[in-house]
Amino acid sequence: MLDPRLLRSELEEVARKLKRRGFELDTDAIARLETERKAIQTRTQELQNERNQSSKAIGQAKAKGEDIQPLLDAVADLGDKLKSAESRLSAIKEELDGILMGVPNLPDESVPEGSSEEDNVEIRRWGRPPEFGFEPKDHVDVGHALGQMDSDTAAKLTGSRFTVMTGPLARLHRALIQFMLDLQTSEHGYCETYVPYMVNADSLRGTGQLPKFEDELFKLEGDLGYYLIPTAEVPVTNMVRDQILAAEDLPLKFACHTPCFRSEAGSYGKDTRGMIRQHQFEKVELVQIVRPDRSFEALEELTGHAEEVLRRLELPYRMMNLCAGDIGFSAAKTYDLEVWLPGQGKYREISSCSNFVDFQARRMQARWRNPGEKKPQLVHTVNGSGLAVGRTLVAVMENYQDEGGRIAVPAALQPYMGGASHIEPNR
RNA sequence: GGAGAGGUGGCUGAGCGGUUGAAAGCACCGGUCUUGAAAACCGGCAGGGGUUAGCGCCCCUCGAGGGUUCGAAUCCCUCCCUCUCCGCCA
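Let me sum up the structure you'll find in this document. None of these values were measured; they are calculated from a predicted model.

### Side note on the pairing of strand 15 (residues 380-388)
Inference 1: Among the nine residues of strand 15, nine are classified as buried, and the element is accordingly described as predominantly covered.
Inference 2: Both strand 9 (residues 280-290) and strand 15 contribute to a ladder of seven bridges, which runs antiparallel. Each residue of the ladder has a partner; that of Val290, found in strand 15, is His380.
Inference 3: Across three bridges, strand 12 (residues 346-355) lies against strand 15 in antiparallel orientation. In the sheet register, Ser354 faces strand 15, and the bridge partner there is Asn383.

Rendered as structure tokens:
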């Protein structure tokens, strides 16, 4: 959520910044509601003050044993007036809040102009796409040739956009998770974290998935109203919801592996082949809760931590600075890491690292005590995938395939594979 | 699922329907003392909103939402959460 005070004092400036990302702010509606809010709020507070004064006087008169009837008569109709003012006020606040909750974050100045993926700016490139002496297969063909990846069975069990893996390939998938967690916790200082895979609506509001993106989530039946998490970002970031942290607690750095569940409602027909876009996939998420003045350096650092996974796996990738039209709802700035996929002959997103500045913190009321300030201040939140496991597996399968249908195991993963150097096709 | 206890400031924890937005302790900040530190002592210290050049003043908030009342942390109702015991269960 944006700072409501910013919307009052610099409404046009805010609208201009939001326009960069293609969002039209209804400034007239906001200005009108704001004006009304102010009037009704003042009126309400006057009435409340009157009530408080009168009640206090009645209490004092009663204590002295005086006749309080005249005082009671004087406030006879106050209750009704107050009640109607209060309900009007809360209705306006609710309406205003509804608008505000649907307004995305302001893109940072360093975010390039643009309206789509096409306008993202490449920051750097690492590694070189491998040369094959044959026509490289995509991961579906590689997996089928191994006999260890099967979407037909998954479709029988559940439906489309799921995968069954067996044998060494399933182990490689698990190895990636272990490797990523070990790297982030033992070398980059993240605290390994285990969280619920279902969350309540408050948590989803906190990180910005609700109220706008409910159709991208799996909601559970029943009275509880829980949702399956679309990313570990939701439970992990919300750990600090409604908290006031001490300065020495910051930064908090969490690494968390979870499955992620996404309805992919808006992506019919997109990436239907293979396991690029699944309803269920594993991810190791990196989350940092930081002082406001450190969030942009934290974003650089965290992105570097995600990159390190790709470097250790020796997977070629590039880093993109997303343009204003392509960053997510809650983000002020986002870097995507895109890995080279020989089967598609292009770079595909494998990690998305964002600085949300105080946008999520304000929704969550996550604050810290800044020694230099009287009042608690909002923290900043930064997160990124380190990495998306399913897509990393795809990248390994495609980049490490050989003509005989085998997959070489990247050196960094061999300790997690019982020392195996290759995955062989089933006989 | 059954029975009971409880949700109050950063934390612990008091709180007859009427200066209680809240005792006390801890933590924290400032000061005295000290070569320095600790201890001791003195003082400050909830969050949010409005208004003001500022001092300040006003409003809201004691799990959430309703209700009773001139007045609710305190009484009533609904819901949520936590803890203990029993049952069931990986």
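### Looking at the environment of Asp119
Inference 1: Along the chain, Asp119 falls in the loop between helix 5 (78-101) and strand 1 (121-126).
Inference 2: By relative accessible area, Asp119 is classed as partly exposed at 31%.
Inference 3: As for Asp119 and Pro129, which are separated by 10 residues in sequence, their C-alpha atoms are 23 Å apart.
Inference 4: When residues no more than four places from it in sequence are discounted, the contact partners of Asp119 are Glu113, Gly114 and Cys323.
Inference 5: Separated by 2.8 Å, the side chain of Asp119 and the backbone nitrogen of Ser115 make a polar contact.

### With respect to a nonpolar patch on the surface
Inference 1: Taken together, the side chains of Met198, Leu224 and Tyr226 define a hydrophobic patch exposed on the protein surface, amounting to about 300 Å² of accessible area.
Inference 2: Residue position: Tyr226 is located in the loop between helix 9 (201-207) and strand 6 (227-228).
Inference 3: Looking at Tyr226, the relative accessible area reads 30%, which means it is partly exposed.

### Here's the deal with the protein's contact with RNA strand B
Inference 1: Every one of the 22 residues lining RNA strand B counts as a neighbour, but Arg8, Gln48, Arg51, Ser55 and Lys62 are closest to it.
Inference 2: The protein-proximal atoms of RNA strand B, defined as those within 4 Å of the protein, are 76% sugar or phosphate.
Inference 3: Here a phosphate oxygen of RNA strand B sits 3.2 Å away from a polar atom, N or O, in the side chain of Arg5.
Inference 4: Note that a phosphate oxygen of RNA strand B is positioned 3.2 Å from one of the side-chain N or O atoms of Asn49.
Inference 5: Taken together, the elements giving at least two residues each to the surface near RNA strand B come down to helix 1 (4-9) and helix 3 (27-63).
Inference 6: Of the residues in the surface near RNA strand B, the class split is five nonpolar, seven polar and 10 charged.

Here is what the cut-offs are and how they apply
- Positions within a chain are numbered from 1, following the residues in the order the chain's sequence is written.
- In the order they appear in the text, chains get letters beginning with A and ligands get numbers beginning with 1.
- Confidence filtering applies because this is a predicted model: local features only for residues at pLDDT of at least 70, side-chain atom pairs given and counted only at 80 or more, and all residues used for totals across whole chains, interfaces and linings.
- By convention in this description, side-chain values take in all heavy atoms of the structure and omit both hydrogens and water.
- Three exposure classes are used, based on accessible area relative to the maximum for each residue type with a 1.4 Å probe and protein chains only: buried under 20%, partly exposed in between, and exposed over 50%.
- Each helix corresponds to a stretch of at least 4 residues labelled H or I by DSSP, and each strand to a stretch of at least 2 residues labelled E; elements are numbered beginning at the N terminus.
- At least two DSSP bridges between two strands are required for those strands to pair.
- We call two residues contacting when some pair of their heavy atoms lies within 4.5 Å.
- For the purposes of these results, a polar contact is taken to be a pair of N or O atoms within 3.5 Å, where, inside protein, one atom must be able to donate a hydrogen and its partner to accept one; residues adjacent in sequence count only when each atom of the pair is a side-chain atom.
- Patch membership needs two things, relative accessible area over 30% and no salt bridge, and members are linked within 9 Å if like-charged or within 5 Å if nonpolar (Val, Leu, Ile, Met, Phe, Trp, Tyr).
- To measure how exposed things are, a 1.4 Å probe is used in the Shrake-Rupley method; for residues, cover is taken only from the protein chains shown.
- By convention in these notes, a salt bridge is any Lys or Arg side-chain nitrogen within 4 Å of a carboxyl oxygen on Asp or Glu.
- Think of it this way: one heavy atom of a residue within 4 Å of a molecule or strand is enough to make that residue near it.
- As a working rule, the residues Ala, Val, Leu, Ile, Met, Phe, Trp, Tyr, Cys and Pro are called nonpolar, Asp, Glu, Lys and Arg charged, and the rest polar, with Gly in that last group.

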